[in-house]
Amino acid sequence: MKKRLTFVFIMTFALINIVFAIDKAKLLEIKIISEIVISLTNKQNPKVCLYKFHEYEKKEYENFSEFKITNCQLADIILVKGIEEKISFKKPAFALDYISFKNCQNCIGAFYWRKGRPQIILIKENLDLFNIKVNKELQNYVVSKRLAQK
Amino acid sequence: MKSRILIFFIISFLVTGFLSVSKSQEDISKLLEEYETAEVRKTVDETLGKVYVFSREDIENLQLNTVTDLLKLLPFGTVYPNGFGVLQYVFSSASPKPISYVVRIFLDGHELSSMQTSSPFLTYDEFPLDNIQKAEIYFTNSISGTSVENGVIIVNLYSKDPKKENVSILKGLMDNKKGYSVTFSDARQLTRNFGYFILVNKGEKKYDKLFVNSHNLDRNQKREHFYLKFNYIDTEVQISASHVDRGVWGGFSPNFAPDYGKMQSTDIFFSLSQKLLDDKSFKILISYDWQDRNYIEKNEDVGVYYLKYVNNQYGVPIYLNEDATFTKFILHMTKDFEFNKHFINTGITYQDYQQNARGKKIIYPSNVVVYDYEPDYEEEDHFISLFLNYKYAVNKYLSLFANGKLSSYDWYTNKDRIVFDKKLGFLFNKDKYNFKMYATQSYLPPPLIYIEIKRENLKPMRLNTLFLEGKYLFSSSQNINATLIFSETKNILIPTSQGYINNSKNYKSWLYSLEYNIKLKNNTLRVNGWRLDSINYNDLSSSDGINLILEGQFKKLNYFSTFLYRNSFKYQNIKVDDSYDLSLGATYGFKNGFSLKIKGENVLNSSAKAVFVTPTTSGTYQSFDRRFLISLEKVF
């Protein structure tokens, strides 16, 4: 009897039901990134390139952000994730995890987690490189490159 | 006089807590705060029962160093040392002395409790929280969805995620009782898909001795922990090893005064969890636990009254050395289905448990020495359970839910026992009003150790519960919450000289709770008062209590204060006074990654007290000593 019940349940698992859903935390994460990008580009619907993003992550941004998702040549800003080797961009780039932030040579900033807390960081020298002015609200997150590398 | 002190502290909390005000926060920082809160609450399941959440920020600010520090802040009960000196959470009015089997602790979905005693506390009462990101505590009486065995309290601990850490931490702590703890942890995301977290800890905790029947009782402990976690895409591997070496306090001695006693426990586990399918809705958890426990107790006056080793021919042992090895294998699978307004979570759990517990050396009176005494009970046991949790969103305000769990357990004389747990309820959330209500019937199997001692069938305890909770939000930062829990318990286990037996009486109790939470700038205050009224029930510990928890920040200084009040009670002729456990602490963060913490625990030297009664003497003992701690932490 027990074996049969086990079998029925294992068979039930085999039913696959894929639903495109997003939790509140993910929505807020996209909202924070949107706020930062809109502020840095000074555009309401900036053209954004999602560099090394998974397909499902791209879909999340397509559905829940104000961005026009495009290729990196046409983009106003590049959002980067999962970069495992040193890299420089010709356009302003913004890192969305710690590993990309460490490997991106000229990223203007990053949004990542450290010591269990979310952090926003903007690098003064790299902002100057792309001639980006930061508004009052983001000014609190601007640090020098030397401090950011610590 | 003490009532005045209580009132003074309540007013001090309310007034001084809100003096420091920082500048108004900008939109991004508000969003960050909301995001952090949403991340913390992401895994909370409101249908399980009343929930308390402690975030990483709470754990750090409140200087919660161990599991006991966390459980101490819970309402509806008190943390007491049991008869063996092991700190455990005990419900209001219940007896602190026996091993508690109502609390289930999970670390990333893996249950830490011993299969023999159904208690996690021997090894994990002072488990360091340095590897914990957050804790969810459910007062449920019911279906955990993660374990065959039900628990009245489910503690879900979530370990730190390498992706969210990227730091190394070295922490040293010492206290005025000559105790210490040293922890090193390192967590890194090395590649896009691979990350690790490693922790090593060593510590010692010393308590004031208790003088009973011309003997000093000892509950000091030394411990070591090792924890390693790997993440690779959606696979997570945990390897944990813990060792604790501790005194036995009153042990099995009927006069609560052993001549000598020591116990050691080594607990090693391995777990592998995997999320499958595109939407990660199919989860598998496989784990294997190995525990070795060694127990030594000597009492030449009245003997060591561990019923399992009481022999018809030789009598009660005067010396006992038991060596026990336990292994546990768990397979847990769960699948979520979501379509339109329906959400279904279903799964299966299988546990296989083996033990080898024998009296390695037993000395009976008249110098009869017996080696390798092996009582005759089954050494292999199985559990299997199937569960189905269903939730239906009637509209955007109202959800209905129903849970069912069919469990079969097979151990010693309790062979092929099948129980069916059920639960029905609703959640209503509209604007400022939140309501939750459910009715449940569930069964709590007796711990294996009680069956072994009794060597007879013991029925599972049956709990019928009606739960009502109402919450009113004055604003996003201020709310009030009222809860009523009615419970009817049948087949409760009660101790006798021949072991535990089921009592067929119906024990009824009403628990009333009122909670007020406010957040003002950088300060949060939680106030929770409760009362337990019971019929057919002796008060063996406090039945009423108030908890006040204050956390705050002023520039680089974080401070906290907790105040735990428990009412007086009388057991037989022993009167136990009200208790007022006040703890205070502050953390100062320096620029170079150093932080200095100071903490005073039970500074009024008035923590909760437990009663002990022996044929020749009786008295009380404090749960916690007055203790002052200092710690230094370096993040790099």
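Anyway, here's the lowdown on the structure attached to this text. Every residue gets a number counted from 1 within its own chain, in the order that chain's sequence is written. Each chain is given a letter, starting from A, and each ligand a number, starting from 1, according to the order in which they appear as written. At least 70 in pLDDT is required for a residue's local features to be given in this predicted model, at least 80 for side-chain atom pairs to be given and counted, and no such filter applies to totals for whole chains, interfaces and linings, which use all residues. As a rule here, side-chain values come from all non-hydrogen atoms in the structure, and water together with hydrogens is ignored.

## Some words on the packing of helix H2 (residues 24-41) of chain A against helix H2 (residues 27-41) of chain B
In this analysis an axis means a line fitted to C-alpha atoms, helices contributing only their contacting stretch, and an angle means the value between N-to-C directions, from 0 to 180 degrees. Strands here mean DSSP runs of E at least two residues long; helices mean DSSP runs of H or I at least four residues long; both are numbered from the N terminus. Orientation of H2 of chain A relative to H2 of chain B, taken along the N-to-C sense of each, is 160 degrees, at an axis distance of 8 Å. It follows that H2 of chain A is roughly antiparallel to H2 of chain B by the angle criterion. Along this stretch, H2 of chain A crosses H2 of chain B, giving a crossing that reads as left-handed. For the pair H2 of chain A and H2 of chain B, contact is made by Lys24, Ala25, Leu28, Glu29, Lys31, Ile32, Glu35 and Ile36 of chain A and by Ile28, Leu31, Leu32, Glu34, Tyr35, Ala38 and Glu39 of chain B, respectively. By residue class, the composition of the contact of H2 of chain A with H2 of chain B is nine nonpolar, no polar and six charged. Roughly parallel refers to an angle under 35 degrees, roughly antiparallel to one over 145, roughly perpendicular to one between 65 and 115, and oblique to any angle outside these ranges. Should the near helix be turned anticlockwise from the far one by less than a right angle, the crossing is left-handed, and should it be turned clockwise, the crossing is right-handed. Contacts are residue-level and defined by heavy atoms, with any inter-residue pair within 4.5 Å sufficient. Amino acid classes used here: Ala, Val, Leu, Ile, Met, Phe, Trp, Tyr, Cys and Pro are nonpolar; Asp, Glu, Lys and Arg are charged; the rest, including Gly, are polar.

## Let's talk about the nonpolar core
Residues belong to one nonpolar core when they are buried, are Ala, Val, Leu, Ile, Met, Phe, Trp, Tyr or Cys, and are joined through side-chain atoms within 4.5 Å. Each residue's exposure class comes from its accessible area (1.4 Å probe, protein chains only) as a fraction of the maximum for that residue type: buried when under 20%, exposed when over 50%, partly exposed otherwise. Counting residues in hydrophobic clusters, the biggest one holds 78 residues, and the most contacted among them are Phe54, Tyr89, Ile137 and Leu157 of chain B. Once you skip the residues sitting within four places of it in the chain, leucine 157 of chain B turns out to touch Val67, Leu70, Ile105, Phe106, Leu107, Asp108, Ile132, Lys134 and Ala135 of chain B. Core analysis: the next-biggest nonpolar cluster, separate from the first, contains 33 residues, Val37, Val48, Tyr61 and Leu79 of chain A among them.

## Some details on the pattern of salt bridges
All names here are of chain B. Within this document, salt bridges are pairs made up of a side-chain nitrogen of Lys or Arg and a carboxyl oxygen of Asp or Glu, the two lying within 4 Å of each other. Under the defined criterion, the tally for this structure stands at 52 salt bridges over all chains. One salt bridge in this structure joins glutamate 322 and lysine 308, with 3.1 Å as the shortest N-O distance. Pair noted here: glutamate 322 is in strand S17 (residues 319-339) and lysine 308 is in the loop between strand S16 (282-298) and S17, with a separation of 14 residues, a long-range link. With respect to burial, glutamate 322 and lysine 308 carry one shared label: buried.

## A look at the environment of isoleucine 36 of chain A
Tracing the sequence through the fold places isoleucine 36 of chain A in helix H2. For isoleucine 36 of chain A, a relative accessible area of 0% gives the class buried. When neighbours within four sequence positions are excluded, isoleucine 36 of chain A is seen to be in contact with Phe94, Ile120 and Leu138 of chain A together with Ile28 of chain B.

## Description of the interface of chain A and chain B
Contact with chain A, which involves 42 residues of that partner, is made by 49 residues of chain B. What gets called buried area is simply the loss in accessible area from a 1.4 Å probe that two parts show on being joined, summed for both. Counting each side, the surface lost to burial between chain A and chain B is near 4,000 Å², with a carbon and sulfur contribution of 66%. Put simply, chain A and chain B have five salt bridges between them. Note that arginine 117 of chain A is salt-bridged to glutamate 36 of chain B, the shortest N-O span being 2.5 Å.

## Things to note about the side chain of serine 579 of chain B
Residue and element names in this part refer to chain B. Examined against the element boundaries, serine 579 turns out to sit in strand S34 (residues 579-589). For serine 579, a relative accessible area of 3% gives the class buried. Sequence-distant contacts of serine 579, defined by excluding residues within four places in its chain, comprise Leu564, Tyr565, Arg566, Ser606, Ser607 and Ala608.

## Some points on the state of the cysteines
Residue and element names in this part refer to chain A. Criterion for a disulfide: a pair of cysteine sulfur atoms at a distance within 2.5 Å. Tallied over the entire structure, the rule returns two disulfides over all chains. Covalently, cysteine 49 is tied to cysteine 72 through a disulfide, its sulfur atoms 1.9 Å apart. Placement of the pair is cysteine 49 in strand S1 (residues 47-51) and cysteine 72 in the loop between strand S2 (68-69) and strand S3 (77-80), with a sequence separation of 23 residues. Taking the relative accessible area as the measure of exposure, cysteine 72 reaches 25% and is therefore partly exposed.

## Some words on the pairing of strand S28 (residues 507-520) of chain B
All names here are of chain B. Here twelve bridges tie strand S25 (residues 478-490) to S28, and the two strands are oriented antiparallel to one another. Following the sheet pairing, glutamate 488 is matched in S28 by lysine 508. Strands pair, by our definition, only if DSSP identifies at least two bridges between them. In sequence, S28 turns back onto strand S29 (residues 523-535) through a hairpin of two residues, with lysine 521 there showing a positive phi of about 55 degrees.

## Points about the sheet that holds strand S7 (residues 153-159) of chain B
To summarise the sheet geometry, strands pair through backbone hydrogen bonds and adopt either a parallel or an antiparallel arrangement. Strands sit in the order S1-S6-S7-S4-S5 (chain B) across an open sheet of five strands; the sheet is mixed. Each end of this open sheet is capped by a strand with a single partner; those strands are strand S1 (50-54) and strand S5 (110-111) of chain B.

## A word on the sheet that holds strand S5 (residues 109-114) of chain A
What the seven strands build is an open sheet, ordered S2-S1-S3-S4-S5-S6-S7 (chain A); its pairing is mixed. Edge positions in the sheet fall to S2 and strand S7 (142-143) of chain A, since each of these pairs with one other strand and no more. Where S1 of chain A meets S2 of chain A, two bridges bridge the pair, whose relative direction is parallel. Across the sheet, lysine 47 of chain A pairs through a bridge with lysine 68 of chain A, a residue of S2 of chain A. Of the strands in this sheet, S1, S3, strand S4 (93-95), S5 and strand S6 (117-123) of chain A touch H2 of chain A, which is tilted by about 150 degrees from S3 of chain A. Running at roughly 150 degrees to S6 of chain A, H2 of chain B makes contact with S5 and S6 of chain A of the sheet.

## Some words on the packing of aromatic side chains
All names here are of chain B. Geometry of aromatic contacts follows a simple scheme: Phe, Tyr and Trp rings, the Trp one being its six-membered ring, pair when their centres are within 6.5 Å, and the pair is stacked under 30 degrees between planes, edge-to-face over 60, tilted otherwise. Inspection of every chain in the model, using the stated rule, returns 40 aromatic pairs over all chains. Consider the rings of tryptophan 249 and tyrosine 621, whose centres lie 5.3 Å apart with planes at 80 degrees: the pair is edge-to-face. On the criterion of sequence distance, the pair formed by tryptophan 249 in the loop between strand S14 (235-246) and strand S15 (260-276) and tyrosine 621 in strand S37 (residues 618-622) is long-range, its members being 372 residues apart. Under the relative-accessibility criterion, tyrosine 621 is labelled buried at 4%. Between tyrosine 314 and tyrosine 364 the ring centres are 5.3 Å apart and the planes differ by 40 degrees, which places this aromatic pair in the tilted class.

Honestly, that's just the spatial picture; any functional story needs more than this.
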